[in-house]
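# Overview (structure and organization)
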Amino acid sequence: MTGFFAVYRREMLSLWVTPLAWVLLVVFLLLEGAVFYSIVVHFATLPDLSVDTGPVQAFFGQESILLLLTLMLLCPALTMRTFAEERRSGTIEALLTAPVTPTAVVLGKYLAVVTTYALMWAPTVLYVLILRNTGTVDVPVVLTSYAGLLGVGATYLAAGTLMSAMTRSQLVALLLTIFVVFGLFVLGVGEYVFEDGPLREIAAHLSMASQMEDFSKGIVDSRRLVLDGSLVALCLFLTVRVVDSWRWG
Amino acid sequence: MIEVSNLVKDYGTVVAVRDVSFRVGKGEVVGFLGPNGAGKSTTLRMLAGFLGPTSGSIRIHGYDVQREPIAARRHLGYMPEAAPLYPELRVREYLHFRAALKHVPRRERARAVEAAMERASVTELADTLILHLSKGYRQRVALADALVASPPLLILDEPTAGLDPNQNREVRRLIRELGKTHTILLSTHILSEVEATCDRALVIDRGRLVAEGTLDALLALGRRRGLEGELRDPERRAADVARSVHGVRALSFRDGADAPDHVHVTVELDTDTDEKAIAERLVAAWVGAGVGVRALGPGKSSLEDVFAALTEHPEAGAPA
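Residues numbered from 1 in each chain as written. Chains lettered and ligands numbered in written order. Predicted model: local features only at pLDDT ≥ 70, side-chain atom pairs only at ≥ 80, totals over all residues. Heavy atoms only, no water.

## Remarks on the overall build of chain A
Put simply, the rule is: Numbering of helices and strands runs from the N terminus, with a helix taken as a DSSP run of H or I at least four residues long and a strand as a DSSP run of E at least two residues long. Only C-alpha atoms enter the radius of gyration; for comparison, a globular chain is expected to reach 2.2 Å times N to the power 0.38, where N is the number of residues. A 1.4 Å probe rolled over the protein chains alone gives each residue an accessible area, and that area as a share of the maximum for its type sets the label: buried under 20%, exposed over 50%, partly exposed in between.
Scanning chain A from terminus to terminus reveals 13 helices and zero strands. Reading chain A from its N terminus to its C terminus gives the helix and strand order α-α-α-α-α-α-α-α-α-α-α-α-α. Its C-alpha atoms give chain A a radius of gyration of 19 Å, within 12% of the compact-globule value 18 Å for 249 residues. With the C-alpha coordinates of chain A rotated into their principal frame, the extents come out at 65 × 45 × 30 Å. When burial is assessed residue by residue, chain A has 54% of its 249 residues classed as buried.

Here is the structure:
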């Protein structure tokens, strides 16, 4: 793991001293703030609530794909520069001729975008605090919701890291990643399209929307986490192989 | 320090490096010389571990670049051709990152960075964004990066490319100074650079090593057969006299500053003749005819001539 921390720190620094992370953060928080506002206004007019539907659940993706859509745009934008920019500018040559392993480079870069993603969600804890002032909040549900968000985000970010390694153009990396995560979403929609049978089972299993649905109810289904973990591992493994393959270009 | 044997890089569409072998010993400053596109950068990139060789082996400081890449890279400081840097970082931030990446222990990092900036004369720019640096300063920051972990070996790909004459002189001075403490392999297509900085040169052309040796040995390689000298020839008889000397093929004269008292002469000789014997006969004939012979010696050559002789292609147009 030699070089991992150096790569991680450099990546964090570069993400936060350039406008990209800040622009994404502002857009993201404006969007989430608007969603939160409309959810609160909506629930304020309802006479009574059942146990597992409420503003918190709604915010974390229940009965709505708004959140998933946001992630499908946020995550690709976060990862697009990861490798594409280094290859376009040539800094990849300096990076890969330092005494570091490709695995350390890939993990350092990946964990930096995951950290940045988590930091972007951090201000939304305020929303939960606001709700707690006016009523009761089911804390375990909030925790599982954030875990679900991390799982979905980690998967999207891993796909984005892989796509960024496939091209020298940030724009192409962005579009490829959107294509992949949207493809994954469309597969999940199959749950509501296919008749009962193996196809429907697979679609339900792959559905990131259902994952948020579950986690926002407080249901931690280990199969979902295994899926996220497997997708992340697969994407990162492929990224390491791609980085390795540049030596043979 | 560097042992390269039978190195080949085949890109599929083009063979960039064909069977190159050489060694660079400890403490040497070696120039890697060749026209653009000869395979210099490809070879250096393989040495630095950025590209994998199709076949052949490279050892850096005794470590095989393929099998022990981390150990090999720890012993070398590599400066890529374009000096790529992160524009969004400050010089000191960048060098700190590079020092960490190169296993400089945390406690020594700040000192290593300051020392490297000092050597590359970029200390006064420590807090400047790399974005705002000129090409020459970027080059120096890249050099500071190569130095930051104090590796015994430096591999510099075209360290003076794109610099103005003053910066050029500055970088050459720096390389000469570094040569006292480091082993250096630097590539260039500028001959004066090799003359100014290197003990020895490797000449590569179209992927092949075509010559190798000290500068004097290379100069001798490219020397044209012939004589050069200076004459005092007020009556303009030197040409007629010389033509009667056996073995002389052609002469050319160039008037010096105080012509015709001072004439520069170049003598071409027939092949398979004894240069020294002809020189003797020529001097005797000229002196006998009243021509003042001020100097006569073997024809000189410049590194440019050597380079041209080694890398020019009579069969130009043939597939490379």
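## Here we look at the side chain of arginine 98 of chain B
To be explicit about the condition: Throughout this description, a polar contact denotes any pair of N or O atoms lying within 3.5 Å of each other; where both atoms belong to protein, one of them has to be capable of donating a hydrogen while the other can accept it, and for residues adjacent in sequence the pair is counted only when both atoms sit in side chains. Contact between two residues is taken to exist if any of their heavy atoms lie within 4.5 Å; hydrogens are not considered.
Its location among the elements puts arginine 98 of chain B in helix 3 (residues 91-101). Within the structure, arginine 98 of chain B has its side chain in polar contact with the side chain of aspartate 145 of chain B (distance 3.0 Å). Dropping the residues within four chain positions of it, arginine 98 of chain B is found in contact with Ala94, Leu95 and Ala98 of chain A together with Asp145 and Val148 of chain B.

## Observations concerning the interface of chain A and chain B
Defined as follows: A 1.4 Å probe defines the accessible area here, and the buried area is the portion of it lost by two parts on being joined, summed over both. Salt bridge, as used here: a side-chain nitrogen of Lys or Arg that lies within 4 Å of a carboxyl oxygen of Asp or Glu.
In this assembly, 28 residues from chain A lie in contact with 29 residues from chain B. Taking both partners together, chain A and chain B bury about 2,500 Å²; carbon and sulfur atoms supply 63% of that area. Broken down residue by residue, the surface that chain A buries against chain B is led by Glu93, Thr97 and Pro99 of chain A, which jointly contribute 27%. Taken together, the connections running from chain A to chain B amount to two salt bridges. Arginine 45 of chain B is the salt-bridge partner of glutamate 93 of chain A, the closest N and O atoms lying 2.8 Å from each other. Summed over the shared surface of chain A and chain B, the result is twelve residue pairs in polar contact (both at pLDDT 80 or more). Breaking the side of chain A that touches chain B down by element, the ones donating at least two residues are helix 1 (4-17), helix 5 (81-89) and helix 6 (91-96) of chain A.

## A look at the pattern of salt bridges
Inspection of every chain in the model, using the stated rule, returns 28 salt bridges over all chains. Here arginine 200 of chain B ties to glutamate 28 of chain B by a salt bridge, and the two come within 2.6 Å at their closest N and O atoms. Here the residue arginine 200 of chain B occupies a position in strand 9 (residues 200-205), and glutamate 28 of chain B occupies one in the loop between strand 2 (15-24) and strand 3 (29-33), the gap between them amounting to 172 residues. You can call arginine 200 of chain B buried: its relative accessible area is 12%. Residue glutamate 28 of chain B is classed as buried on the basis of its relative accessible area of 19%. In the salt-bridge network here, residues are joined through shared partners; they are Arg10, Glu11, Arg81, Glu86 and Lys109 of chain A together with Glu88 of chain B.

## Here we look at the packing of aromatic side chains
Operational definition: What counts as a ring pair is set by centres within 6.5 Å for rings of Phe, Tyr and Trp (its six-membered ring), and what kind of pair is set by the plane angle: stacked under 30 degrees, edge-to-face over 60, tilted for all other angles. Placement of a positive charge over a ring is assigned whenever Lys NZ or Arg CZ falls within 6 Å of the ring centre and within 35 degrees of the normal to the ring plane.
Tallied over the entire structure, the rule returns 16 aromatic pairs over all chains. When the centroid spacing of 5.0 Å and the interplanar angle of 80° are considered together, the rings of tryptophan 16 of chain A and tryptophan 22 of chain A count as edge-to-face. Between phenylalanine 59 of chain A and tryptophan 121 of chain A, the ring centres sit 6.5 Å apart and the planes meet at 80°, which makes this aromatic pair edge-to-face. Here phenylalanine 59 of chain A is found in helix 3 (residues 55-59), whereas its partner tryptophan 121 of chain A is found in helix 7 (residues 102-121), with 62 residues between them in sequence. An identical accessibility class is assigned to phenylalanine 59 of chain A and tryptophan 121 of chain A; each is buried. Of the aromatic side chains, those joined through ring pairs into one cluster are Phe28, Phe36, Phe59, Phe60, Trp121, Tyr127 and Tyr146 of chain A. Over the face of the ring belonging to phenylalanine 97 of chain B we find arginine 10 of chain A, whose NZ or CZ atom lies 5.9 Å from the ring centre. One Lys or Arg, lysine 109 of chain A, reaches over the ring of phenylalanine 83 of chain A and ends 5.2 Å from the middle of that ring.

## Quick word on the sheet that holds strand 10 (residues 208-214) of chain B
All names here are of chain B. Where we set the bar: By the convention used here, strands pair only if DSSP detects at least 2 bridges between them. Throughout, an axis means a line fitted to C-alpha atoms (over the contacting stretch in the case of helices), and angles, computed between N-to-C directions, take values from 0 to 180 degrees.
If you trace the six strands from one edge of the open sheet to the other, you get 6-7-8-3-9-10, paired in mixed fashion. Two strands in the sheet have a free side with no partner beyond their single neighbour: strand 6 (76-79) and strand 10. Each adjacent strand pair in this sheet contributes to an overall mean axis angle of 15°, direction not counted. Sheet topology places strand 7 (residues 153-157) next to strand 8 (residues 183-188); five bridges connect them, and they run parallel. For aspartate 157, the partnering residue across the bridge sits in strand 8 and is serine 187. Sheet contacts for helix 5 (residues 135-147): strand 6 and strand 7; angle to strand 6, the most-contacted strand, approximately 165°.

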